[in-house]
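Inside the fold
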Amino acid sequence: MASPIDLSPEDHARPGAVTDPREVLRLGGAPLPLTVPARLYVCGITPYDVTHLGHAAAFVWADTAARVIRMTGVETVVSRNVTDVDDVLTRVAAERGRAFDEFGLTQEYYVERDMAALHVRPPTHSPHARHHVAHVVRLAIALLAAGAAYERDGSVYFRGAAVAAGRDREEALALLAENGDDPADPRRDDPFDVPVWRPSGEGDPAWPSPWGPGRPGWHAECAAMALATLGGVVDVLAGGADLAFPHHAYQVAMASAATGSAPFARRALRAGTVGTDGAKMAKSTGNLVLVHDLLREAPGPAVRLMLLDRAWAKPWDYRPEALDDAAALLERLYVAAGRRGDSPAAVGEVRAALLAELDVPRALRAAVEAGGDAARQVLRTLALQ
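A few points on the structure. (Residues numbered from 1 in each chain as written. Predicted model: local features only at pLDDT ≥ 70, side-chain atom pairs only at ≥ 80, totals over all residues. Heavy atoms only, no water.)

**Considerations on the overall build of the protein chain**
Scanning the protein chain from terminus to terminus reveals 13 helices and 13 strands. In terms of C-alpha radius of gyration, the protein chain reaches 22 Å, essentially the compact-globule figure of 21 Å for 385 residues. Seen through its C-alpha atoms, the protein chain measures out along the principal axes to roughly 70 × 45 × 35 Å. For the protein chain, buried positions account for 51% of its 385 residues. Sequence-distant contacts in the protein chain: of pairs separated by 6 or more residues, those separated by 24 or more amount to 77%. When the accessible surface of the protein chain is summed, it comes to about 16200 Å², and 53% of that surface belongs to carbon and sulfur atoms. In the protein chain, which carries 40 positive and 49 negative side-chain charges, the distance between the mean positions of the two groups comes to 5 Å. (Helix = DSSP H or I, 4+ residues; strand = E, 2+ residues; numbered from the N terminus. Rg over C-alpha atoms; globule rule 2.2 N^0.38 Å. Buried < 20%, exposed > 50% of the residue type's maximum accessible area, 1.4 Å probe, protein only. Contact = heavy atoms within 4.5 Å. Areas by Shrake-Rupley, 256 points an atom, 1.4 Å probe, with all protein chains shown as cover. Lys, Arg positive; Asp, Glu negative; His and termini not counted. Charge placed at Lys NZ, Arg CZ, Asp CG, Glu CD.)

Next comes the structure, spelled out in structure tokens:
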């Protein structure tokens, strides 16, 4: 399957060009007016395993949001982190007789290979946690100075009671535990306090700090990397729906407390979870659908279209037939793009759909029906060529 027309890989107007001032992205139920540059922070991979469809959905949607913003002529900066300081990564690397950083780089290569096949554009910044430990230390110092954290026995804890306010207490504690935290740690003032910095045990990676050798906490890593690469405010914070709590909630709270600016993230783009047979896709359940396997069955643009042909926030179940349906729809889109046709109204409908909550299904319907320029606009902006 190939695109019937030679389309530029670039998906945006000339950088800095002013397009229709009425073109304003709506995201998360409200308009998102943008200055230059637009800043997107994408919670990226923990590189200890291969990419499954749930990971791919989050990265493809974040990439699509950036492309739609660029479509309006707004320069866009994307930072997508690599969480290569992580206890699970350290353990898996040790089981395989590898250093954690070397093993992480190997796994990262496989993920990036899959993302390239799905036409996910490389981010502007790709911060690695092990390169930003000093920024986490500075974050901890700022939080201590602001009274938002406290030091105890070589750890620095962020005061998190307000982060969990309004949530079911038992459910919130369970989510913390599921995400590798220990709410029962007796050194904490409150079970919802989380580590910004923690001492390292034998076999853990360690760096010097004012509180002794240790390593960063997960939420603090992302807060520090976002601040280091994008500054005190981001326009869009992206990831999977399962990151909403605790990860995004604590990341945002730490960044806001350290800088005094709120909101840290103007909008959130959390892709709906992907499941199979009604169960969320996860390594622990053994129900993973791997991107690499799907790419043996269909080209990358078909897999990408399968991920995009739906509302971005809605959870969904993968079915093998869905990939066949996406491939057939992609073929119809290519045929439509090969037709002659210059309809400003149809192109406008496509652009309006994409700016309205990234409504890809509506844009696809308009493109296939009108063909010509409208279909070519969809192929360019959604990177389906």
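**Side note on helix 10 (residues 320-337)**
Look at helix 10: 27 Å from first C-alpha to last across 18 residues, which is about the 26 Å you get at 1.5 Å a residue. Taken residue by residue, helix 10 has Ala322, Leu323, Ala326, Ala327, Leu329, Leu330, Leu333, Tyr334, Ala336 and Ala337 as its buried positions. Looking at the buried positions of helix 10, the neighbouring elements they touch are helix 8 (291-297), helix 9 (300-308), helix 12 (360-370) and helix 13 (373-381). (Expected span 1.5 Å × (residues − 1).)

**A closer look at the sheet that holds strand 12 (residues 279-280)**
Strand order across the open sheet formed by three strands is 12-11-13, with mixed pairing between neighbours. Edge positions in the sheet fall to strand 12 and strand 13 (316-317), since each of these pairs with one other strand and no more. Taken together, the two bridges between strand 11 (residues 274-276) and strand 13 define a ladder with parallel strand orientation. Counterpart to Val274 in the pairing with strand 13 is Trp316. (Pairing = 2+ DSSP bridges.)

**So, the sheet that holds strand 6 (residues 155-158)**
Taken in spatial order, the four strands make up an open sheet running 5-6-7-8, and their pairing is antiparallel. If you trace the sheet from one side to the other, it starts and ends with strand 5 (149-152) and strand 8 (214-216), each paired once. Each strand of the sheet is rotated relative to its neighbour by a mean of 20°, with strand direction disregarded. Direction of pairing for strand 5 relative to strand 6: antiparallel, over a ladder of four bridges. Pairing of Ala149 across the sheet is with Phe158, part of strand 6. (Axes fitted to C-alpha atoms, helices over the stretch in contact; angles between N-to-C directions.)

**Remarks on the pairing of strand 6**
The side-chain alternation of strand 6 yields two buried faces, one formed by Ser155 and Tyr157 and the other by Val156 and Phe158. Counted between consecutive antiparallel strands, the loop separating strand 5 from strand 6 contains two residues, among which Asp153 sits at a positive phi close to 50°.

**Considering the environment of Pro127**
Among the secondary structure elements, Pro127 is positioned in the loop between helix 3 (100-117) and helix 4 (133-145). A residue is classified by how much of its surface remains accessible, and Pro127, at 5% relative accessible area, is buried. Spatially, the C-alpha atoms of Pro127 and Arg365 are 38 Å apart, while their sequence positions differ by 238 residues. Pro127 has contacts with Ser79, Arg80, Asn81, Val82, His132, Met225 and Thr229, leaving out every residue within four places of it along the chain.

**Observations concerning the packing of helix 2 (residues 87-95) against helix 3**
Remark: helix 2 packs on helix 3, axes separated minimally by 9 Å, with the N-to-C direction vectors making an angle of 95°. Here helix 3 runs roughly perpendicular to helix 2, going by the angle between their axes. Taken together, the residues of helix 3 that come into contact with helix 2 (itself represented by Leu89, Thr90, Val92 and Ala93) are Phe100, Phe103 and Gly104. For the contact of helix 2 with helix 3, the residue count by class is five nonpolar, two polar and no charged. (Parallel < 35°, antiparallel > 145°, perpendicular 65-115°, else oblique. Nonpolar A, V, L, I, M, F, W, Y, C, P; charged D, E, K, R; others polar.)

**Side note on the nonpolar core**
With 74 residues, the main nonpolar core has Leu53, Met306, Tyr318, Leu358 and Val378 as its most contacted residues. Those residues in contact with Leu358 that lie beyond four places of it in its chain are Leu25, Leu27, Trp61, Ala65, Val68, Leu269, Trp312 and Ala353. (Core = buried A, V, L, I, M, F, W, Y, C linked by side-chain atoms within 4.5 Å.)

**Digging into the packing of helix 5 (residues 169-178) against helix 7 (residues 244-259)**
A pair of packed helices can be characterised by two numbers: the angle between their axes and the separation between those axes. Interaxial distance between helix 5 and helix 7 falls to 9 Å at its minimum, and their mutual angle equals 85°. Here helix 7 runs roughly perpendicular to helix 5, going by the angle between their axes. Side by side, helix 5 and helix 7 meet where Ala172, Leu175 and Leu176 of the first sit next to Phe245, Pro246 and Tyr250 of the second. Of the residues in the contact of helix 5 with helix 7, the class split is six nonpolar, no polar and no charged.

**What to know about helix 5**
For helix 5, the set of buried residues is Ala172, Leu173 and Leu176. Taken around the axis of helix 5, the buried residues stretch over an arc of 100°, which confines them to a single face. Facing away from the buried surface of helix 5 by more than 90 degrees, the exposed residues are Glu170 and Glu178. Packed against the buried residues of helix 5 are strand 7 (194-199) and helix 7. (Arc of directions from axis to C-beta.)

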